[in-house]
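Tertiary structure, described
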Amino acid sequence: MGAESAFTVWLRKRLAVDAELRRELLGEHEQRLPMIFHYNPLETYLEVNARGELLCTLTSKACLQPKLRYNVGDEARLHPLHRVREIIRRDPRRWAECRRATGGEKMALPLLFLFGRADSTISYMGANLYPQDVEYGLYEGNPYAADIARFCLSLEEQPDLESRPVVNIELREGADLDETAVARLARICRDGVRGHLAAVSRDFAASLKEDPAAGDLRVRVFRPGEGPFAGAAGLKNVYLVQDAPAADAGRHARAC
């Protein structure tokens, strides 16, 4: 459906540090950092509905089963390339940086800004927790990243009736981790997710200042096919689950 280029890689890095550009392209209060791709509307015609969900029409003759306005279930934005470049040009320094990073690149296709699943958000302490932000926290700088197959989110009610977000992690097949390594993986993942959320979400950072207990994120680690991942199938991961098993529900699960 889409492809990255030197321009989209630069643009994504720039959006992470340029609040003005992010506001113009993504919206006034948008804090998430989307993936960005060029797409060819002659083969994959994309639209965004009133709920911000991506609709996809496959027009290629190579497709055996054409799809018409198929709702992928992902949240997205679409922008013509010329409009994005016009916005970048308003700041001469920004435009010069863009030209240095992209060189003589000739790509002229429109842009898809893809946030991920539209139905996988957890609301916690006044902040929205998005799977993509959790994913960054899990993988960035994590020495155990290669041992993580996938993850999902859930909410766990405590005895005091307070709810805490839980990051459930499934290990890859063949991951050779002993009990100590699994516990260390859980700690690193918890600290990584908490740190990334504090950096990218103003609401989450504000919650931490008001109440440090807001950073009490839970991490559950499961062996392949266990816990909330038992019987999981399908092409797309499910990032939000209800009533995920607690850490003592299976002999291989570990919590932090």
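Quick caveat: nothing in here was measured; it's all calculated off a predicted structure.

Time to look at the pattern of salt bridges. Any two side chains of opposite charge can pair if their charged atoms end up close together. Under the criterion given, the structure shown has 13 salt bridges. For the salt bridge of Arg 14 with Asp 18, the shortest nitrogen-to-oxygen distance reads 2.9 Å. One network of salt bridges, with partners in common, ties together Arg 14, Asp 18, Glu 20, Arg 94 and Glu 97.

So, about unusual backbone geometry. Despite not being glycine, Arg 69 has its phi angle at roughly 50 degrees, a positive value. Structurally, the position occupied by Arg 69 is in the loop between β3 (53-58) and β4 (70-79).

For the chain, the average pLDDT comes to 83, and 86% of its residues sit at 70 or higher. Least confident of the elements in the chain is strand β11 (residues 254-255), whose mean pLDDT is 54; most confident is helix α3 (residues 81-89), at 94. Long-range and interchain partners of residues 247-252, a stretch whose pLDDT sits below 50, account for six contacts in this model, where long-range means more than four residues apart.

Bringing the environment of Phe 229 into the picture now. As for its placement among the helices and strands, Phe 229 is situated in the loop between β10 (218-222) and β11. Residue classification places Phe 229 among the buried residues on the basis of a relative accessible area of 5%. In this structure, the C-alpha to C-alpha distance between Phe 229 and Asn 168, residues 61 residues apart in sequence, is 8.9 Å.

What counts, and at which threshold
Residues numbered from 1 in each chain as written. Predicted model: local features only at pLDDT ≥ 70, side-chain atom pairs only at ≥ 80, totals over all residues. Heavy atoms only, no water. Salt bridge = Lys/Arg side-chain N within 4 Å of Asp/Glu carboxyl O. Helix = DSSP H or I, 4+ residues; strand = E, 2+ residues; numbered from the N terminus. pLDDT = per-residue confidence, 0-100. Contact = heavy atoms within 4.5 Å. Buried < 20%, exposed > 50% of the residue type's maximum accessible area, 1.4 Å probe, protein only.

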